[in-house]
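Analysis of the macromolecular model
Residues per chain are reported as follows:
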Amino acid sequence: MRNLIDELAEKHILTKEELVYIIKNINDEDRKYLSEKASCLRDKYYGKKVYLRALIEFTNICKNDCYYCGIRKSNKNADRYRLSLEQIMECADIGHELGYSTYVLQGGEDPYFTDDKIVEIVKSIKAKYPDCAITLSIGEKSYESYKKYYDAGADRYLLRHETANEEHYQKLHPSDLKLSNRIQCLRNLKEIGYQIGAGFMVHSPYQTPEILAEDLLFLKDLDPHMVGIGPFIPHHDTQFKDEPAGTVEETTLMLSLIRLLLPTCLLPATTALGTIDPIGREKGFDAGANVAMPNLSPTSSRKKYELYDNKICTGDEAAECRYCIEKRINLAGYELDMSRGDNITWTRK
Ligand code: SAM
Ligand code: FES
């Protein structure tokens, strides 16, 4: 085990069989060794800095029906909302006051938000706060649409691949959603010039160690600038309501493996990780993560963006989240960084 971990830390690649071996056999002591190696590598490129991104969940209306997701279209119990441009700008103003320089605009695939509307939102934020970075996370679009958003000023795009295994993908999504299209979208985004983020849920239904190894090797090949992973957590109104959630141990193991495979990637300790364990995000930093994404959405809509049960921070004001995470970062021995926090290998085309 130790020689495999050493090899990964040195060469940043292992075979599928070797990754499966680690996933299946790692014990607590080796886990600690692995996370120390991952932390060291994070420190080499980014130091002890943790970058903050302000998350604005601007619509929970979605035309897709991903089986795991609490806001999928067939959930008739979801209380739907969308924020107006004015409300989004109010969030951006509050974010600016709080010192943020990255805004992550995330939402369901809501047809109301046409390309023109997305371009208007991106341009409005950039006109007011020219030095900020804008990350979009609004699902699968055409090359042309992605290009329009980029030309309007968007810098980054988060689109988790969800699983790199075709069969597994179809067990998590209805047949109109295809892994091949998801991957094409990621490649298009990269070609256009975005900093891209892929990723997956840990312990999603039907996931196996072999599939996790495929996910890791897919990420290695795609070489994204960011990787968003978090535990799967069941939502009571989905068909996966009785499936078990991912654990902190599984998620932090994946974070460390990703850090060693992709040394310079930006790696969030996600809200989902903070949901399954009160100090889950801190454990994520210790495993090699270096980003946190506090919520900036208005408290009136927070609860409605319910992807999974018991999501944390849904009652807090933006300022509370900002200062709570700062305290946590400092107590855990890391430094808050409010700069744009671009991937060190990226420059805008
Ligand atoms: N519509 C955009 C998309 O599909 O990329 C962004 C919104 S989508 C809700 C963001 C992410 O939430 C998904 O990529 C998925 O991995 C995650 N997610 C959805 N349901 C979840 C659940 N039950 N547990 C954990 N994560 C979940
Ligand atoms: Fe569209 Fe979850 S199904 S955001």
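This text follows the structure it describes.
Anyway, here's the lowdown on the structure attached to this text. Residue numbers run consecutively from 1 along every chain, following the written order of its sequence. Starting at A for chains and at 1 for ligands, labels are handed out in the order in which the entities are written. Selection of residues for local features in this predicted model requires a pLDDT of at least 70, selection of side-chain atom pairs for listing and counting requires 80 or more, and totals for whole chains, interfaces and linings are taken over all residues. For side-chain calculations, the full set of non-hydrogen atoms in the structure is used, while hydrogens and water are omitted.

Here we look at the pairing of strand β3 (residues 102–107)
A regular strand carries its side chains on alternate faces of the sheet. Each residue is placed in one exposure class: buried if its accessible area under a 1.4 Å probe, protein chains only, is under 20% of its type's maximum, exposed if it is over 50%, and partly exposed if it falls in between. A run of H or I in DSSP becomes a helix once it reaches four residues, and a run of E becomes a strand once it reaches two; helices and strands are each numbered from the N terminus. Of all 6 residues that make up β3, 6 are buried, and the element is covered over most of its length. The side-chain alternation of β3 yields two buried faces, one formed by Thr102, Val104 and Gln106 and the other by Tyr103, Leu105 and Gly107. Two strands form a pair only when DSSP identifies at least two bridges running between them. As defined by bridge partners, β3 adjoins strand β4 (residues 133–137) across 5 bridges and the pair is classed as parallel. Directly across from Thr102, in β4, lies its bridge partner Ala133.

Concerning the sheet that holds strand β8 (residues 226–227)
Either a parallel or an antiparallel arrangement is found when strands of a sheet pair, and the pairing is made through backbone hydrogen bonds. Read from one edge to the other, the open sheet built from 6 strands follows the order β2-β3-β4-β5-β6-β8, with strand pairing classed as parallel. Of all strands in the sheet, those with a lone pairing partner are β2 (54–59) and β8, marking the two edges.

Focus on the sheet that holds strand β1 (residues 49–52)
The 3 strands lie next to each other as β10-β1-β11, forming an open sheet whose pairing is parallel. Since the sheet does not close on itself, it has two edges, and those belong to β10 (291–292) and β11 (335–337), each with one partner. Where β1 lies against β11, 3 bridges are found, and the strand directions are parallel. The residue of β11 that forms the bridge with Tyr51 is Asp337. Where helix α14 (residues 318–331) meets the sheet, it contacts β1, β10 and β11, and its direction lies at approximately 140 degrees from that of β11. The criterion used for residue contact is that any of the two residues' heavy atoms lie within 4.5 Å. A fitted line through C-alpha atoms represents every axis, and for helices the fit uses only the stretch in contact; the resulting angles, taken between N-to-C directions, go from 0 to 180 degrees.

Quick look at helix α4 (residues 85–97)
How far a helix is expected to stretch is found by multiplying one less than its residue total by 1.5 Å. When the terminal C-alpha atoms of α4 are compared, their 18 Å separation across 13 residues agrees well with the 18 Å that a helix rising 1.5 Å per residue should span. Listed as buried for α4 are Ile88, Met89, Cys91, Ala92 and Gly95. An end-on view of α4 places all buried positions within 155 degrees of arc, on one side of the element. Looking at α4, the residues exposed on the side facing more than 90 degrees away from the buried face are Glu86 and Glu97. Two residues or fewer after α4 comes Gly99, characterised by a positive phi angle close to 95 degrees. Arc, as used here, means the arc of the directions from the helix axis to the C-beta atoms.

With respect to the environment of Ala78
Of note, Ala78 is situated in the loop between β2 and α4. In this structure Ala78 comes out as buried when scored by relative accessible area, which is 16%. Separated by 156 residues in the primary sequence, Ala78 and Pro234 place their C-alpha atoms 15 Å from one another.

Digging into helix α8 (residues 179–192)
A rise of 1.5 Å per residue sets the reference length of α8, with its 14 residues, at 20 Å; its end C-alpha atoms lie 20 Å apart and thus fit the reference within 8%. All of the buried residues in α8 are Leu179, Arg182, Ile183, Cys185, Leu186, Asn188, Leu189 and Ile192. Tucked inside the fold, the buried residues of α8 contact α6 (143–152), β5 (156–158), α7 (166–172), β6 (195–198) and α9 (209–222). One or two positions beyond α8, positive phi appears at Gly193, with a value near 125 degrees.

A look at the nonpolar core
Grouped burial of nonpolar side chains is what soluble globular proteins tend to show. Throughout, nonpolar core names a set of buried Ala, Val, Leu, Ile, Met, Phe, Trp, Tyr and Cys residues whose side chains join them through atoms within 4.5 Å. Counting residues in hydrophobic clusters, the biggest one holds 102 residues, and the most contacted among them are Leu136, Tyr149, Tyr194, Met254 and Ile258. The dominant element in this core, judged by the number of residues it contributes, is helix α10 (residues 248–261), at 8 residues. Setting aside residues no more than four positions away along its own chain, Leu136 makes contact with Leu105, Ile118, Val122, Tyr149, Ala154, Arg156, Tyr157 and Leu158. Judged by nonpolar contacts, the second largest core, of 9 residues, contains Leu55, Leu158, Met226 and Val291.

Notes on the pattern of salt bridges
The rule for a salt bridge is simple: a side-chain nitrogen of Lys or Arg has to be within 4 Å of a carboxyl oxygen of Asp or Glu. Enumeration over the complete set of coordinates arrives at 28 salt bridges. Residue Arg187 pairs with Asp221 through a salt bridge whose shortest N-O separation is 3.3 Å. One end of the pair, Arg187, is in helix α8; the other, Asp221, is in helix α9, and 34 residues separate them in sequence. Through salt bridges with shared partners, a single ionic network connects Lys126, Asp155, Arg156, Arg340 and Asp342.

Comments concerning the pairing of β4
Where burial is concerned, most of β4 is hidden: 5 out of the 5 residues are buried. Burial along β4 is two-sided: the residues Ala133, Thr135 and Ser137 and Ile134 and Leu136 are all buried. Here is how to tell: hold the view so the strands point away, follow the path from the first strand over the helix to the second, and if it runs clockwise the crossover is right-handed. After leaving β3, the chain enters helix α5 (residues 115–128) and then returns to the sheet as β4, a path that is right-handed. One ladder, built from 2 bridges, connects β4 with β5; its direction is parallel. Note on β5: the bridge partner recorded for Leu136 is Tyr157.

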